[in-house]
Amino acid sequence: MSEQFSIFQSRPSRLHALHPVTKLVLTFCLLAAALLLPGLWTNYLLFALAILPLATLGQVTGPLLRAVWPTVLPFAISVFLIQGIIYPHGTPLFSLGPLTLKREGLLLAISGTGRILMVVSNFILFALITRPDTLMLSLVQRGVPGGLAYIVVASIQLVPRFRARAAAILDAQHARGLETTGSLRRRLSAIVPLVVPLILSSLVDVEERALAIEARAFNHPGPKTSLIEITEAGWERPARWLLLLTVPVSLGLRLWLG
Amino acid sequence: MNSLRKEFNTTTLVLIPVAIAINIAIGHTIYILKLPFYLDSIGTILVGVLAGPWAGALTGLLSNLIWGFTGLNPAYAPFAAVAAVIGMLAGLAAQAGWVSSWWKALITGLVVGVISAAVSAPISAYVFGGVTGSGNDALVAMFRSFGASVLPASFAQGALTDPVDKAISFVLVWLIIMALPMRFRARFPQGQMQT
Amino acid sequence: MLTLDHVTYRYPNTERPALRDLSLTIPAGQFCAVVGANGAGKSTLAYTLAGFVPHFYHGTLTGAVTVAGLNTASVTLADLVRRVGLVFQNPYNQISGTKFTVREEVAFGLENLGVPRAEMLERIAATMQLTGIAALAERSPLTLSGGQMQRVALASVLAMQPQVLVLDEPASQLDPIGTREVLAAVQALAASRRITVVLIEHKLEWVAAFADRVLVLADGALVADGPPAEVLASDVLLTHAAGQTRYTQAARLARAQGGWPANQPLPVTLPQAVAAFQAARP
């Protein structure tokens, strides 16, 4: 799966072999835990005790860290500055010239970064171990409309092409002297020649593509079959139910301790 | 629910992934260039105006979820509900005839922008502490330096940037629809509404 | 068998009909070509035979179109797509956009039709072999060239086992060798399985080499109908700007300069041209 939009990495790991719905449930439960569980350092613990071991099991630790780091670091810096230093109220902890670090802000920054770390790494782990087409297939087999599955997978295939086209148009505009830096007005007027041709050229094909999928019996009534077979280990079903139990537990802990 | 089925004919179904890809391609370019807008809903608005509110809502929802769940920019996933609201409002505005000229599109964009800022603020404040790593964080910083707490600061940032962003987006969509041949527009349930 | 009975069709919001009072019958198993200038209605005819006119394009259709025993206006598109396969010009728009390997792409139509998996595997293997893409089975459709993608589209349609195959300028993306392979495969299939083939093509040399019969459209109406040797050599093609084969063109030039006997029929294929020019040597 080169050149795909989703960062899915194929690996012969036990984690990859899980049924897509199991992975979905796992991601959902981790997300609930990240957002609900109380405690300043809880999310960091979750990252170390849940995300990293899972990534190791899935043989994707390297890609995970490489994808998480550039997203979380700027956020951490921003939130530290904005919550910890710029906000004028709070108990001062430490001063360096005109800048004062406040205790409440620091705590907010720590918990905020922890939450972002968990949310981002959770989604990235999911993307690394899940094939989008088998995920959608398994959902369709459970009653999700085929049209929805089509939309999701088709979008995933289209995005890299569109990003390449946007980059090409941007390059062509630069070559013609269009500025994307500088005054706001200039940057604004750079947008129309970028956006409008990209969109109009992509709309031209829509009618023929609709014709093509109709010609391949897309709207044929009756149950569809599948070339790909998705496997599911026997223990996965009960395991999913057990996992889902963690959600009310997370909620309960928040209400009780939060 | 018959209008629901009509909104999702095959041509609409093919348009939606194209719109989602447009959202992500343009939105990501703007994000990387650190420009002070988002422009991540143009596809959503286009679908809403051409095909209807439900199609627009679905486009917005899926754009953000796909953007987040595929690992490109996980910060977008929690805002899926906001994107859905934008798509729905675009469809309703078109039905009410409020996207039929450039100045109407502008006003609609401003209004939708304010609403979207209001819906985004709590998500931004709770999930992200008001900070999303985009170029708009500087504004949040500014409001925080005045002593505003997180939620009002997030809303204030949104209220400054979102209406302009959505106004630009709606006018761009109006431009695009005017440039489309009538034969193509006629394939969509609301395609012939703007003249 | 395909029948058109006084068929006139107008696209929505247009005044000029795209098809004007067309009546014709194509027997099962015939390899029939449709030629004509741009805008003559060739693609519209293709869509009409496949039922996309009127079900996809709407508009006003009068007259009766009967395909594989069904009147296209009174059945649904779903009934028709199983029986009529359509391969059109732009290969990039014909892939489903949802499959990550060529094999899965070819399976797309079969999955939609609910074909059981075991049978799917057989059909896919057979059509990929026929169209020469068996080696591409695990490749991503997004990495294929135009010609490869066109073969995938053909394999996908053939896997659905239609009774009628409509090809709208399938050679536009293929090189001459590829075109010959593909058309020969289609011709063999037509003969062995009694599939009716309707080939829309403006490269007339291919029409001359493979078609049993040629229909000439001009402005939506049928202006000529007959075997290739006759139709492609006639002046009707020139009158309606439908082109000519290069062999016919050479012979016409020779005739204008007195190097061709006046009552000798004009050639439409290379062997005919070679034989005729050799015989005409003084």
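Residue numbers run consecutively from 1 along every chain, following the written order of its sequence. Chain A is the first chain written and ligand 1 is the first ligand written, with later ones labelled in order. Side-chain atom pairs in this predicted model are given and counted only at pLDDT of 80 or more, local residue features only at pLDDT of at least 70, and totals for whole chains, interfaces and linings cover all residues.

Two residues qualify as being in contact provided that their C-beta atoms, derived from the backbone, are within 7 Å of each other. Listed per partner, the contact involves 55 residues of chain A and 47 residues of chain B. Numbering goes from the N terminus for both helices and strands, where a helix is a DSSP run of H or I of at least four residues and a strand is a run of E of at least two. Going through the elements one at a time, helix 4 (61-86), helix 5 (103-129), helix 7 (146-175), helix 8 (184-203) and helix 9 (206-215) of chain A are the ones with two or more residues in the side of chain A that touches chain B. By residue number, the principal contributor to the side of chain A that touches chain B is helix 7 of chain A, which donates 13 residues. Three categories are distinguished: nonpolar for Ala, Val, Leu, Ile, Met, Phe, Trp, Tyr, Cys and Pro, charged for Asp, Glu, Lys and Arg, and polar for the others, with Gly belonging to the last. Residues belonging to the side of chain A that touches chain B are distributed by class as follows: 38 nonpolar, eleven polar and six charged.

Residue and element names in this part refer to chain C. Boundaries between domains were set according to an automatic or database domain assignment. Domain boundaries in chain C define domain 1 (2-243) and domain 2 (245-282). In this complex, domain 1 contributes eight residues to the contact, which on the side of domain 2 involves seven residues. Those elements giving two or more residues to the side of domain 1 that touches domain 2 turn out to be helix 8 (204-210) and helix 9 (228-231). Broken down by element, the side of domain 1 that touches domain 2 gets its largest block of residues, four residues, from helix 8. Classifying every residue of the side of domain 1 that touches domain 2 gives seven nonpolar, no polar and one charged.

Another aspect to go through is the packing of helix 4 (residues 53-69) of chain B against helix 5 (residues 80-95) of chain B. Residues and elements named next belong to chain B. Lines fitted to C-alpha atoms define the axes here, with helix axes fitted over just the stretch in contact, and angles between the N-to-C directions of these axes take values from 0 to 180 degrees. Running from N to C, helix 4 and helix 5 point in directions that differ by 155 degrees, and their axes come no closer than 7 Å. One way to sum up the angle between helix 4 and helix 5 is to call them roughly antiparallel. The crossing of helix 4 and helix 5 is right-handed. Residues P53, G56, A57, T59, G60, L61, S63, N64 and L65 of helix 4 form the contact with helix 5, whose own contacting residues are A80, A83, A84, I86, G87, M88, A90, G91 and L92. Taken together, the residues of the contact of helix 4 with helix 5 sort by class into eleven nonpolar, seven polar and no charged. Here roughly perpendicular refers to angles of 65 to 115 degrees, roughly parallel to angles under 35, roughly antiparallel to angles over 145, and oblique to all remaining angles. By definition, turning the near helix anticlockwise from the far helix through less than a right angle yields a left-handed crossing, and turning it clockwise yields a right-handed one.

So, about the domain arrangement of chain A. Residue and element names in this part refer to chain A. Domain annotation for chain A reports domain 1 (6-131 + 229-258) and domain 2 (132-227). A separation of 30 Å is found between the C-alpha centroids of domain 1 and domain 2. At the interface, eight residues of domain 1 touch seven residues of domain 2. A class-by-class count of the residues in the side of domain 1 that touches domain 2 yields four nonpolar, three polar and one charged.

What follows concerns the environment of E201(C). Residues and elements named next belong to chain C. Locating E201 in the fold gives a position in the loop between strand 8 (196-200) and helix 8. Along the chain, E201 and V34 lie 167 residues apart, while their C-alpha atoms are 6.7 Å from each other. Setting aside anything within four residues of it in sequence, one finds E201 in contact with A33, V35, E169, A171, W206 and V207.

The next point concerns the sheet that holds strand 1 (residues 2-10) of chain C. Residue and element names in this part refer to chain C. What the four strands build is an open sheet, ordered 2-1-4-5; its pairing is antiparallel. Strand pairing shows two members of the sheet lacking a second neighbour, strand 2 (19-26) and strand 5 (70-71), which therefore form its edges. When DSSP finds at least two bridges between two strands, those strands are taken to pair. Note: strand 1 against strand 4 (residues 60-67), seven bridges, orientation antiparallel. Considered in strand 4, the bridge of L2 is made with V67. This element, helix 1 (residues 42-50), spans strand 1, strand 2 and strand 4 of the sheet and lies at about 120 degrees to strand 1.

With that settled, the discussion passes to helix 11 (residues 246-256) of chain C. Residues and elements named next belong to chain C. Residues are called buried when their C-beta atom has 20 or more other C-beta atoms within 10 Å, exposed when it has 12 or fewer, and partly exposed otherwise; all C-beta atoms are positioned from the backbone. Among the residues making up helix 11, those that are buried are Y247, T248 and A251. Buried residues of helix 11, seen end-on, are gathered within an arc of 95 degrees and therefore sit on one face of the element. Residues L253 and A256 are exposed on helix 11 and point more than 90 degrees away from its buried face. Where helix 11 is buried, its residues touch helix 12 (270-279). G258, located one to two residues past helix 11, shows a positive phi value of around 85 degrees. Throughout, the arc means that of the directions going from the helix axis to the C-beta atoms.

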